[in-house]
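Given next are the chains, with one letter for each unit.
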Amino acid sequence: MSQEPLPAPSTPENPPPASNRRLTGGCLMMLVVAGWIVALGVWMAWHLYGQVREIRTFTDPTAQAISPLAPTGAQKSELQGRLAAFATAIGAKQAASLTLSVDDLNHLLAAQEPVNRLQDIARVEAITDVIRVKVALALNGIPFTGERLYLNGFISVRPDLKKDLGPVLLTRAIEVPGRTLTEGFTKTYLEANHLDSLALDEVRKDEGLNPLLGKITSLRCEPGQVIAEYVP
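One structure accompanies this document, and this report is about it. (Residues numbered from 1 in each chain as written. Predicted model: local features only at pLDDT ≥ 70, side-chain atom pairs only at ≥ 80, totals over all residues. Heavy atoms only, no water.)

Turning our eyes to something else, we now look at the environment of Q112. Position of Q112 relative to the elements: it lies in the loop between α3 (102–111) and β2 (122–127). Judged by its relative accessible area of 25%, Q112 is partly exposed. Sequence separation of Q112 and K76 is 36 residues, and the distance between their C-alpha atoms is 8.7 Å. Those residues in contact with Q112 that lie beyond four places of it in its chain are Q80 and H107. (Helix = DSSP H or I, 4+ residues; strand = E, 2+ residues; numbered from the N terminus. Buried < 20%, exposed > 50% of the residue type's maximum accessible area, 1.4 Å probe, protein only. Contact = heavy atoms within 4.5 Å.)

Moving on, we get to the packing of helix α2 (residues 73–91) against α3. It is the contact of α2 with α3, at a shortest axis distance of 11 Å, that shows an interaxial angle of 105°. Relative to α3, the element α2 lies roughly perpendicular. Packed against α2, whose contacting residues are Q75, K76, L79, R82 and L83, the element α3 presents D104, H107, L108 and A111 at the interface. In the contact of α2 with α3, the residues fall into four nonpolar, two polar and three charged. (Axes fitted to C-alpha atoms, helices over the stretch in contact; angles between N-to-C directions. Parallel < 35°, antiparallel > 145°, perpendicular 65-115°, else oblique. Nonpolar A, V, L, I, M, F, W, Y, C, P; charged D, E, K, R; others polar.)

Read across the sheet, three strands follow the order β1-β7-β6 without closing on themselves; strand pairing throughout is antiparallel. Unpaired on one side and paired on the other, β1 (96–101) and β6 (218–222) mark the two borders of the sheet. When strand polarity is set aside, the average angle formed by the axes of neighbouring strands in this sheet is 15°. As judged from the six bridges shared by β1 and strand β7 (residues 225–230), these two strands associate in the antiparallel manner. Counterpart to T99 in the pairing with β7 is I227. Running at roughly 155° to β1, α2 makes contact with β1 and β7 of the sheet. Relative to β1, α3 is tilted by about 85°, and along the sheet it contacts β1 and β7. (Pairing = 2+ DSSP bridges.)

Read these as geometric descriptors, not functional statements.
Given below as structure tokens:
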């Protein structure tokens, strides 16, 4: 039986054949990109952990109790009557004003859809040149851990009007008694206006209310009350 000849042993004069598997430019580029992605992911995870660590210094693992101020049947009817009269005047292009007290705002938060979603997380405490609101707002902790942190404190908002939105609540101050908020968190939260989104985003989706809100011509705070006006 014939056998194939064995390959010649390698010697300095007879080196083994060179491998065809070489690191190409494309492979090298992919390795560099993958390295950058891994480094970026590590940096982002570390940055996020640092942010959560800071947030823990002025938040709590549980929410403070927010007791809604539910109106009586008569109070609810009277408030809804004033709201309806103001809306009717706007629809008829007649000058009108609406005055809301601290109790009125809390009655809305406790019993009026859709803002009553906030009844367990927000309560109006006072009105001066701003509206001071006691809050228990949930913040995310470390992702995928289920950690929840709560901002138990006070947020001051100033009502204003924007041409494209109508009434807005501009966050002007955040306070957590006995704690110091970081500058970065405070700046971000003031710019984000989260309380405005929580309170008014669902109202803005109402096809009946939104056009009326956009026609309000004046919105301001006075001691103890918020005043909305319509001048055709």
